[in-house]
Amino acid sequence: MTAATTHEPDLLAAFEETIARHDRIEPRDWVPERYRATLVRQIAQHAHSEIIGMQPEGGWISRAPSLRRKAVLLAKVQDEAGHGLYLYGACETLGVTREELVERLLDGRQKYSSIFNYPALSYADVGTIGWLVDGAAICNQVPLCRTSYGPYGRAMVRICKEESFHQRQGFELLATMMGGTEEQRAMVQESVDRFWWPALMMFGPPDADSPNTAQSMAWGIKRDTNDELRQKFVDMTVPQARALGVTLPDPELRWNEERGHHDFGEPDWAELAAVIRGEGPCNAQRIAHRRRVWEDGAWVREAAGAYAARPAPEVAP
Ligand code: 3HC
(Lines give C-alpha, C1' and ligand atoms only; values in the text may rest on other atoms or scores of the structure.)
Protein backbone atom coordinates (compact mmCIF):
# COMPACT_ATOMS: atom_id res chain seq x y z
CA MET A 1 0.00 0.00 0.00
CA THR A 2 1.68 3.23 -1.12
CA ALA A 3 0.96 6.39 0.87
CA ALA A 4 -0.82 9.31 -0.79
CA THR A 5 1.48 11.46 -2.95
CA THR A 6 1.18 14.84 -4.66
CA HIS A 7 -0.45 13.08 -7.64
CA GLU A 8 -3.38 11.94 -5.57
CA PRO A 9 -6.10 13.00 -8.07
CA ASP A 10 -4.45 10.88 -10.77
CA LEU A 11 -4.02 7.98 -8.37
CA LEU A 12 -7.63 8.25 -7.24
CA ALA A 13 -8.79 8.29 -10.86
CA ALA A 14 -6.71 5.17 -11.61
CA PHE A 15 -8.13 3.45 -8.51
CA GLU A 16 -11.70 4.28 -9.48
CA GLU A 17 -11.13 3.10 -13.07
CA THR A 18 -9.82 -0.23 -11.78
CA ILE A 19 -12.89 -0.63 -9.55
CA ALA A 20 -15.23 0.38 -12.39
CA ARG A 21 -13.65 -2.28 -14.65
CA HIS A 22 -14.18 -4.88 -11.89
CA ASP A 23 -10.43 -5.49 -12.00
CA ARG A 24 -8.46 -6.45 -8.93
CA ILE A 25 -6.72 -4.04 -6.57
CA GLU A 26 -3.39 -5.49 -5.49
CA PRO A 27 -1.21 -4.75 -2.43
CA ARG A 28 1.18 -2.49 -4.36
CA ASP A 29 -1.62 -0.30 -5.77
CA TRP A 30 -2.41 3.10 -4.31
CA VAL A 31 -5.80 3.14 -2.58
CA PRO A 32 -7.80 5.70 -0.61
CA GLU A 33 -7.09 5.29 3.11
CA ARG A 34 -10.78 4.57 3.82
CA TYR A 35 -10.73 1.68 1.31
CA ARG A 36 -7.74 0.21 3.12
CA ALA A 37 -9.30 0.79 6.55
CA THR A 38 -12.57 -0.85 5.49
CA LEU A 39 -10.70 -3.89 4.20
CA VAL A 40 -8.64 -4.18 7.39
CA ARG A 41 -11.86 -4.00 9.44
CA GLN A 42 -13.77 -6.58 7.39
CA ILE A 43 -10.94 -9.06 6.70
CA ALA A 44 -9.75 -8.92 10.32
CA GLN A 45 -13.29 -9.53 11.60
CA HIS A 46 -13.59 -12.42 9.19
CA ALA A 47 -10.28 -13.89 10.35
CA HIS A 48 -11.18 -13.44 14.03
CA SER A 49 -14.51 -15.17 13.33
CA GLU A 50 -12.83 -18.22 11.83
CA ILE A 51 -10.55 -18.67 14.84
CA ILE A 52 -13.16 -17.91 17.51
CA GLY A 53 -15.58 -20.14 15.56
CA MET A 54 -13.36 -23.13 16.42
CA GLN A 55 -14.47 -22.91 20.05
CA PRO A 56 -18.15 -23.96 19.98
CA GLU A 57 -17.51 -27.05 17.83
CA GLY A 58 -14.07 -27.80 19.27
CA GLY A 59 -15.72 -28.60 22.58
CA TRP A 60 -17.52 -31.54 20.91
CA ILE A 61 -14.49 -33.24 19.33
CA SER A 62 -13.77 -35.36 22.41
CA ARG A 63 -17.48 -36.19 22.77
CA ALA A 64 -18.23 -37.18 19.17
CA PRO A 65 -20.27 -40.44 19.12
CA SER A 66 -17.99 -42.33 16.71
CA LEU A 67 -14.47 -42.28 15.30
CA ARG A 68 -15.88 -41.19 11.94
CA ARG A 69 -17.79 -38.24 13.44
CA LYS A 70 -14.70 -37.29 15.47
CA ALA A 71 -12.46 -37.38 12.37
CA VAL A 72 -14.90 -35.29 10.33
CA LEU A 73 -15.32 -32.71 13.10
CA LEU A 74 -11.56 -32.58 13.69
CA ALA A 75 -11.01 -31.91 9.97
CA LYS A 76 -13.62 -29.17 9.96
CA VAL A 77 -12.25 -27.37 13.00
CA GLN A 78 -8.73 -27.61 11.59
CA ASP A 79 -10.03 -26.10 8.34
CA GLU A 80 -11.34 -23.10 10.29
CA ALA A 81 -7.87 -22.50 11.72
CA GLY A 82 -6.51 -22.52 8.18
CA HIS A 83 -9.20 -20.08 7.05
CA GLY A 84 -8.12 -17.74 9.82
CA LEU A 85 -4.50 -17.96 8.71
CA TYR A 86 -5.34 -17.28 5.05
CA LEU A 87 -7.37 -14.24 6.10
CA TYR A 88 -4.81 -12.86 8.57
CA GLY A 89 -2.27 -13.29 5.77
CA ALA A 90 -4.51 -11.34 3.36
CA CYS A 91 -4.99 -8.63 5.99
CA GLU A 92 -1.24 -8.31 6.57
CA THR A 93 -0.82 -7.23 2.92
CA LEU A 94 -2.68 -4.07 4.00
CA GLY A 95 0.18 -3.08 6.29
CA VAL A 96 -1.11 -4.38 9.62
CA THR A 97 0.44 -7.20 11.66
CA ARG A 98 -1.34 -10.26 12.99
CA GLU A 99 -0.20 -9.30 16.47
CA GLU A 100 -1.90 -5.89 16.15
CA LEU A 101 -5.09 -7.52 14.89
CA VAL A 102 -5.28 -10.02 17.74
CA GLU A 103 -4.62 -7.26 20.28
CA ARG A 104 -7.48 -5.22 18.76
CA LEU A 105 -9.78 -8.25 19.08
CA LEU A 106 -8.74 -8.89 22.68
CA ASP A 107 -9.22 -5.28 23.74
CA GLY A 108 -12.59 -5.04 22.01
CA ARG A 109 -11.65 -2.64 19.19
CA GLN A 110 -12.38 -5.39 16.65
CA LYS A 111 -15.16 -7.96 16.57
CA TYR A 112 -15.93 -11.45 15.42
CA SER A 113 -19.15 -12.79 13.94
CA SER A 114 -22.18 -12.59 16.22
CA ILE A 115 -23.02 -16.23 15.56
CA PHE A 116 -20.13 -17.48 17.69
CA ASN A 117 -21.56 -15.78 20.75
CA TYR A 118 -24.11 -18.61 21.00
CA PRO A 119 -23.27 -21.83 22.87
CA ALA A 120 -23.18 -25.29 21.28
CA LEU A 121 -25.33 -27.03 23.90
CA SER A 122 -26.08 -30.39 22.27
CA TYR A 123 -24.39 -32.68 19.77
CA ALA A 124 -27.08 -31.75 17.22
CA ASP A 125 -25.58 -28.23 17.31
CA VAL A 126 -22.50 -29.62 15.54
CA GLY A 127 -24.76 -30.52 12.63
CA THR A 128 -26.78 -27.32 12.81
CA ILE A 129 -23.65 -25.15 12.86
CA GLY A 130 -22.38 -26.97 9.79
CA TRP A 131 -25.72 -26.80 7.98
CA LEU A 132 -26.91 -23.29 8.92
CA VAL A 133 -23.80 -21.34 9.97
CA ASP A 134 -21.47 -22.68 7.30
CA GLY A 135 -24.39 -22.56 4.89
CA ALA A 136 -24.83 -18.85 5.66
CA ALA A 137 -21.08 -18.42 5.36
CA ILE A 138 -21.18 -19.91 1.85
CA CYS A 139 -23.92 -17.47 0.81
CA ASN A 140 -21.85 -14.61 2.18
CA GLN A 141 -18.44 -15.77 1.00
CA VAL A 142 -18.99 -17.00 -2.57
CA PRO A 143 -19.59 -13.40 -3.78
CA LEU A 144 -16.45 -12.38 -1.84
CA CYS A 145 -14.43 -14.54 -4.26
CA ARG A 146 -15.08 -11.59 -6.63
CA THR A 147 -14.23 -8.86 -4.13
CA SER A 148 -12.12 -6.04 -5.53
CA TYR A 149 -9.12 -6.68 -3.25
CA GLY A 150 -7.00 -9.46 -4.80
CA PRO A 151 -5.57 -11.21 -1.73
CA TYR A 152 -9.01 -11.34 -0.06
CA GLY A 153 -10.76 -12.74 -3.13
CA ARG A 154 -8.08 -15.37 -3.70
CA ALA A 155 -8.26 -16.48 -0.04
CA MET A 156 -12.02 -16.85 -0.46
CA VAL A 157 -11.72 -19.30 -3.35
CA ARG A 158 -9.92 -21.89 -1.19
CA ILE A 159 -12.12 -21.17 1.84
CA CYS A 160 -15.38 -21.61 -0.10
CA LYS A 161 -14.32 -25.04 -1.36
CA GLU A 162 -13.83 -26.18 2.23
CA GLU A 163 -17.03 -24.48 3.48
CA SER A 164 -19.00 -26.65 1.06
CA PHE A 165 -17.65 -29.74 2.84
CA HIS A 166 -18.51 -28.12 6.20
CA GLN A 167 -22.10 -27.48 5.18
CA ARG A 168 -22.58 -30.98 3.73
CA GLN A 169 -21.16 -32.79 6.74
CA GLY A 170 -23.52 -30.83 8.97
CA PHE A 171 -26.54 -31.59 6.81
CA GLU A 172 -25.60 -35.29 6.66
CA LEU A 173 -25.19 -35.45 10.44
CA LEU A 174 -28.66 -33.93 10.95
CA ALA A 175 -30.21 -36.20 8.32
CA THR A 176 -28.76 -39.20 10.17
CA MET A 177 -30.18 -37.99 13.48
CA MET A 178 -33.56 -37.27 11.88
CA GLY A 179 -33.62 -40.89 10.79
CA GLY A 180 -32.92 -41.96 14.37
CA THR A 181 -34.93 -41.99 17.58
CA GLU A 182 -37.65 -39.58 18.65
CA GLU A 183 -35.16 -38.09 21.15
CA GLN A 184 -32.62 -37.48 18.38
CA ARG A 185 -35.24 -35.82 16.18
CA ALA A 186 -36.30 -33.61 19.10
CA MET A 187 -32.64 -32.71 19.73
CA VAL A 188 -32.24 -31.59 16.10
CA GLN A 189 -35.42 -29.50 16.15
CA GLU A 190 -34.41 -27.83 19.43
CA SER A 191 -31.01 -27.01 17.94
CA VAL A 192 -32.51 -25.52 14.77
CA ASP A 193 -34.91 -23.46 16.90
CA ARG A 194 -31.89 -21.92 18.71
CA PHE A 195 -29.69 -21.26 15.70
CA TRP A 196 -32.12 -20.13 12.98
CA TRP A 197 -32.45 -16.47 13.93
CA PRO A 198 -28.75 -15.97 14.93
CA ALA A 199 -27.85 -17.45 11.51
CA LEU A 200 -29.97 -14.77 9.78
CA MET A 201 -28.22 -12.11 11.87
CA MET A 202 -24.81 -13.24 10.53
CA PHE A 203 -25.52 -11.22 7.38
CA GLY A 204 -25.49 -7.99 9.38
CA PRO A 205 -28.14 -5.36 10.07
CA PRO A 206 -30.76 -4.44 7.45
CA ASP A 207 -29.29 -2.47 4.55
CA ALA A 208 -31.16 0.62 5.77
CA ASP A 209 -29.24 0.43 9.07
CA SER A 210 -25.86 -0.56 7.60
CA PRO A 211 -23.33 2.30 7.70
CA ASN A 212 -20.83 0.39 5.54
CA THR A 213 -22.75 -1.48 2.84
CA ALA A 214 -23.30 1.32 0.31
CA GLN A 215 -19.63 2.31 0.22
CA SER A 216 -18.44 -1.30 0.29
CA MET A 217 -20.70 -2.03 -2.69
CA ALA A 218 -19.36 1.05 -4.52
CA TRP A 219 -15.79 -0.14 -3.96
CA GLY A 220 -16.60 -3.70 -5.01
CA ILE A 221 -15.63 -5.01 -1.57
CA LYS A 222 -19.16 -6.37 -1.24
CA ARG A 223 -20.91 -7.70 -4.34
CA ASP A 224 -24.32 -8.11 -2.67
CA THR A 225 -25.98 -6.25 0.19
CA ASN A 226 -26.74 -7.76 3.60
CA ASP A 227 -30.45 -8.13 2.80
CA GLU A 228 -29.79 -9.68 -0.63
CA LEU A 229 -27.52 -12.34 0.90
CA ARG A 230 -29.95 -13.00 3.77
CA GLN A 231 -32.74 -13.55 1.26
CA LYS A 232 -30.53 -15.88 -0.80
CA PHE A 233 -29.78 -17.90 2.34
CA VAL A 234 -33.46 -18.22 3.32
CA ASP A 235 -34.45 -19.28 -0.21
CA MET A 236 -31.64 -21.87 -0.25
CA THR A 237 -32.35 -23.25 3.22
CA VAL A 238 -36.14 -23.69 3.22
CA PRO A 239 -36.15 -26.67 0.83
CA GLN A 240 -33.23 -28.21 2.74
CA ALA A 241 -35.21 -27.93 5.99
CA ARG A 242 -38.12 -29.63 4.27
CA ALA A 243 -35.84 -32.45 3.11
CA LEU A 244 -34.55 -32.85 6.67
CA GLY A 245 -38.03 -32.82 8.13
CA VAL A 246 -37.34 -29.91 10.50
CA THR A 247 -39.50 -26.82 11.01
CA LEU A 248 -37.87 -23.39 10.76
CA PRO A 249 -39.06 -21.32 13.74
CA ASP A 250 -40.63 -18.44 11.79
CA PRO A 251 -44.47 -18.29 11.53
CA GLU A 252 -44.14 -15.63 8.80
CA LEU A 253 -42.00 -17.86 6.55
CA ARG A 254 -43.84 -18.56 3.30
CA TRP A 255 -43.24 -18.59 -0.45
CA ASN A 256 -44.22 -15.36 -2.18
CA GLU A 257 -44.98 -16.23 -5.81
CA GLU A 258 -45.10 -12.60 -6.82
CA ARG A 259 -41.63 -11.86 -5.43
CA GLY A 260 -40.21 -15.22 -6.37
CA HIS A 261 -38.71 -15.44 -2.89
CA HIS A 262 -39.68 -16.51 0.61
CA ASP A 263 -41.15 -13.89 2.92
CA PHE A 264 -39.81 -14.21 6.46
CA GLY A 265 -40.04 -12.48 9.82
CA GLU A 266 -37.75 -9.79 11.23
CA PRO A 267 -34.73 -10.95 13.23
CA ASP A 268 -34.34 -9.26 16.62
CA TRP A 269 -32.10 -6.37 15.59
CA ALA A 270 -31.79 -5.19 19.19
CA GLU A 271 -30.32 -8.61 20.04
CA LEU A 272 -27.82 -8.31 17.17
CA ALA A 273 -26.84 -4.82 18.29
CA ALA A 274 -26.30 -6.07 21.86
CA VAL A 275 -24.19 -8.99 20.64
CA ILE A 276 -22.15 -6.64 18.44
CA ARG A 277 -21.59 -4.43 21.51
CA GLY A 278 -20.03 -7.48 23.21
CA GLU A 279 -23.06 -8.43 25.30
CA GLY A 280 -23.57 -11.82 23.61
CA PRO A 281 -24.19 -14.90 25.79
CA CYS A 282 -20.67 -16.35 25.31
CA ASN A 283 -18.57 -13.28 24.52
CA ALA A 284 -16.63 -13.17 27.81
CA GLN A 285 -15.87 -16.91 27.55
CA ARG A 286 -14.84 -16.70 23.88
CA ILE A 287 -12.47 -13.76 24.43
CA ALA A 288 -11.03 -15.23 27.65
CA HIS A 289 -10.23 -18.47 25.80
CA ARG A 290 -8.73 -16.57 22.85
CA ARG A 291 -6.60 -14.48 25.24
CA ARG A 292 -5.42 -17.58 27.14
CA VAL A 293 -4.30 -19.45 24.02
CA TRP A 294 -2.71 -16.27 22.58
CA GLU A 295 -0.66 -15.88 25.76
CA ASP A 296 0.12 -19.61 25.99
CA GLY A 297 1.42 -19.52 22.42
CA ALA A 298 3.68 -16.48 22.91
CA TRP A 299 6.78 -18.66 23.38
CA VAL A 300 6.14 -20.42 20.06
CA ARG A 301 5.91 -17.08 18.23
CA GLU A 302 9.08 -15.84 19.97
CA ALA A 303 10.99 -19.04 19.13
CA ALA A 304 9.83 -18.97 15.50
CA GLY A 305 10.76 -15.29 15.25
CA ALA A 306 14.20 -15.89 16.75
CA TYR A 307 14.79 -18.80 14.40
CA ALA A 308 13.75 -16.71 11.39
CA ALA A 309 16.01 -13.85 12.49
CA ARG A 310 19.06 -16.06 13.09
CA PRO A 311 22.19 -15.02 11.17
CA ALA A 312 22.67 -16.88 7.88
CA PRO A 313 25.13 -19.76 8.36
CA GLU A 314 28.69 -19.07 7.19
CA VAL A 315 29.21 -20.60 3.75
CA ALA A 316 32.63 -22.21 3.37
CA PRO A 317 34.66 -20.44 0.59
N1 3HC B 1 -21.35 -10.01 13.74
C2 3HC B 1 -20.57 -9.04 14.28
N3 3HC B 1 -20.54 -7.76 13.85
C4 3HC B 1 -21.35 -7.47 12.82
C5 3HC B 1 -22.18 -8.43 12.18
C6 3HC B 1 -22.14 -9.74 12.70
N7 3HC B 1 -22.90 -10.72 12.18
N8 3HC B 1 -22.84 -7.82 11.17
C9 3HC B 1 -22.46 -6.54 11.18
N10 3HC B 1 -21.57 -6.33 12.17
C11 3HC B 1 -20.96 -5.04 12.51
C12 3HC B 1 -20.03 -4.56 11.42
O13 3HC B 1 -18.69 -5.01 11.67
C14 3HC B 1 -20.17 -3.05 11.57
O15 3HC B 1 -19.43 -2.63 12.69
P16 3HC B 1 -18.13 -1.72 12.52
O17 3HC B 1 -18.43 -0.73 11.43
O18 3HC B 1 -17.94 -1.13 13.86
O19 3HC B 1 -17.06 -2.70 12.11
C20 3HC B 1 -21.62 -2.85 11.99
O21 3HC B 1 -22.01 -4.09 12.58
C22 3HC B 1 -22.52 -2.43 10.85
O23 3HC B 1 -22.66 -3.52 9.97
P24 3HC B 1 -22.43 -3.33 8.39
O25 3HC B 1 -23.39 -4.23 7.69
O26 3HC B 1 -22.47 -1.88 8.04
O27 3HC B 1 -20.94 -3.85 8.28
P28 3HC B 1 -20.25 -4.61 7.04
O29 3HC B 1 -20.45 -3.84 5.79
O30 3HC B 1 -18.87 -4.93 7.46
O31 3HC B 1 -21.09 -5.97 6.87
C32 3HC B 1 -20.66 -8.32 7.26
C33 3HC B 1 -21.05 -6.97 7.90
C34 3HC B 1 -21.82 -8.72 6.33
C35 3HC B 1 -20.46 -9.35 8.36
C36 3HC B 1 -19.39 -8.12 6.45
O37 3HC B 1 -18.41 -7.60 7.30
C38 3HC B 1 -18.85 -9.39 5.82
O39 3HC B 1 -19.38 -9.86 4.83
N40 3HC B 1 -17.75 -9.94 6.37
C41 3HC B 1 -17.06 -11.06 5.74
C42 3HC B 1 -17.71 -12.37 6.08
C43 3HC B 1 -17.62 -12.67 7.55
O44 3HC B 1 -17.00 -12.01 8.31
N45 3HC B 1 -18.29 -13.71 7.95
C46 3HC B 1 -18.27 -14.06 9.35
C47 3HC B 1 -18.81 -15.42 9.52
S48 3HC B 1 -17.57 -16.43 10.14
C49 3HC B 1 -17.53 -17.67 9.11
O50 3HC B 1 -18.10 -17.60 8.08
C51 3HC B 1 -16.77 -18.88 9.53
C52 3HC B 1 -17.37 -20.12 8.93
O53 3HC B 1 -16.41 -21.14 9.06
C54 3HC B 1 -18.61 -20.51 9.62
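Everything below is about the structure shown above.
About the criteria used
- Residues numbered from 1 in each chain as written.
- Predicted model: local features only at pLDDT ≥ 70, side-chain atom pairs only at ≥ 80, totals over all residues.
- Heavy atoms only, no water.
- Helix = DSSP H or I, 4+ residues; strand = E, 2+ residues; numbered from the N terminus.
- Expected span 1.5 Å × (residues − 1).
- Bend = angle between axes of the 7 residues up to and from the residue.
- Buried < 20%, exposed > 50% of the residue type's maximum accessible area, 1.4 Å probe, protein only.
- Near = heavy atom within 4 Å.
- Polar contact = N/O pair within 3.5 Å; in protein donor to acceptor, adjacent residues only side chain to side chain.
- Areas by Shrake-Rupley, 256 points an atom, 1.4 Å probe, with all protein chains shown as cover.
- Lys, Arg positive; Asp, Glu negative; His and termini not counted.
- Salt bridge = Lys/Arg side-chain N within 4 Å of Asp/Glu carboxyl O.
- Contact = heavy atoms within 4.5 Å.
- Core = buried A, V, L, I, M, F, W, Y, C linked by side-chain atoms within 4.5 Å.
- Axes fitted to C-alpha atoms, helices over the stretch in contact; angles between N-to-C directions.
- Parallel < 35°, antiparallel > 145°, perpendicular 65-115°, else oblique.
- Nonpolar A, V, L, I, M, F, W, Y, C, P; charged D, E, K, R; others polar.
- Disulfide = S-S within 2.5 Å.

Draft legend 1. Structural detail: helix 7 (residues 150-178). With 29 residues, helix 7 extends 42 Å from end C-alpha to end C-alpha; this agrees with the ideal 42 Å at 1.5 Å per step. Considering bend angle alone, the principal kink of helix 7 is centred on I159 and spans about 25 degrees.

Draft legend 2. Main features of unusual backbone geometry. With a phi angle near 60 degrees, H22 is a residue other than glycine that sits in the positive phi range. As for its placement among the helices and strands, H22 is situated in the loop between helix 1 (8-20) and helix 2 (33-52).

Draft legend 3. Expanded view of helix 6 (residues 124-141). The terminal C-alpha atoms of helix 6, which comprises 18 residues, lie 24 Å apart, in line with the 26 Å expected from a rise of 1.5 Å per residue. Along its length, helix 6 reaches its greatest deviation from straightness, about 25 degrees, at G130. Counting buried residues in helix 6 gives 17 out of 18 residues, a clear majority hidden from the surface.

Draft legend 4. Just the site of the ligand, in detail. Close contacts around the ligand come from 32 residues, with E80, K111, S114, S210 and N226 the closest. Between the ligand and R41, the relevant distance is 2.8 Å, taken from an oxygen atom to a side-chain nitrogen or oxygen of the residue. P211 has a polar backbone atom sitting 3.4 Å from an oxygen atom of the ligand. Contact with the protein chains hides 91% of the accessible area of the ligand, taken as 1000 Å² for the molecule alone. Element by element, the count of residues in the shell around the ligand is highest for helix 2, at six residues.

Draft legend 5. The side chain of E163, seen in detail. Here E163 is to be found in helix 7. No salt bridge is formed by the buried E163; its nearest oppositely charged neighbour, K76, is found at 5.5 Å. Each residue touching E163, except ones within four places of it in the same chain, is listed here: E50, E80, H83, D134, A137, I138 and Q141.

Draft legend 6. Looking closely at the nonpolar core. The biggest cluster of nonpolar side chains holds 78 residues, and the ones touching the most others in it are Y35, I43, W131 and F233. Of all the elements, helix 7 adds the most residues to this core, at nine residues. Apart from the residues within four sequence positions on either side, Y35 is in contact with F15, I19, I25, S148, Y149, W219 and I221.

Draft legend 7. Focus on the packing of helix 7 against helix 10 (residues 226-244). At their nearest, the axes of helix 7 and helix 10 sit 10 Å apart, and the two run at 30 degrees to each other. Classed by the angle they form, the pair helix 7 and helix 10 counts as roughly parallel. From helix 7, Q167, F171, L174, A175 and M178 reach across to helix 10, where they touch Q240, A243 and L244. When its residues are assigned to classes, the contact of helix 7 with helix 10 shows six nonpolar, two polar and no charged.

Draft legend 8. Expanded view of the environment of A71. Structurally, A71 is set in helix 4 (residues 67-92). When the C-alpha positions of A71 and D10 are compared, they lie 54 Å apart, and in sequence the two are 61 residues distant.

Draft legend 9. Representation of the pattern of salt bridges within the structure. One pass over the full model with this rule turns up 17 salt bridges. With its nearest N and O atoms 2.6 Å apart, the salt bridge here joins E80 to K76. Remark: K76 and E80 occur in helix 4; sequence separation between them is four residues, near one turn of the helix. When sorted by exposure, E80 lands in the same class as K76, which is buried. When the shortest N-O distance is used, the salt bridge between D227 and R230 registers 2.9 Å. Taken as a pair, D227 and R230 lie in helix 10 at a separation of three residues, close to a single helical turn.

Draft legend 10. Quick peek at the state of the cysteines. The full count for this structure, using the stated rule, is zero disulfides. With no disulfide of its own, C145 lies 3.8 Å from the sulfur of C160, the closest cysteine sulfur.

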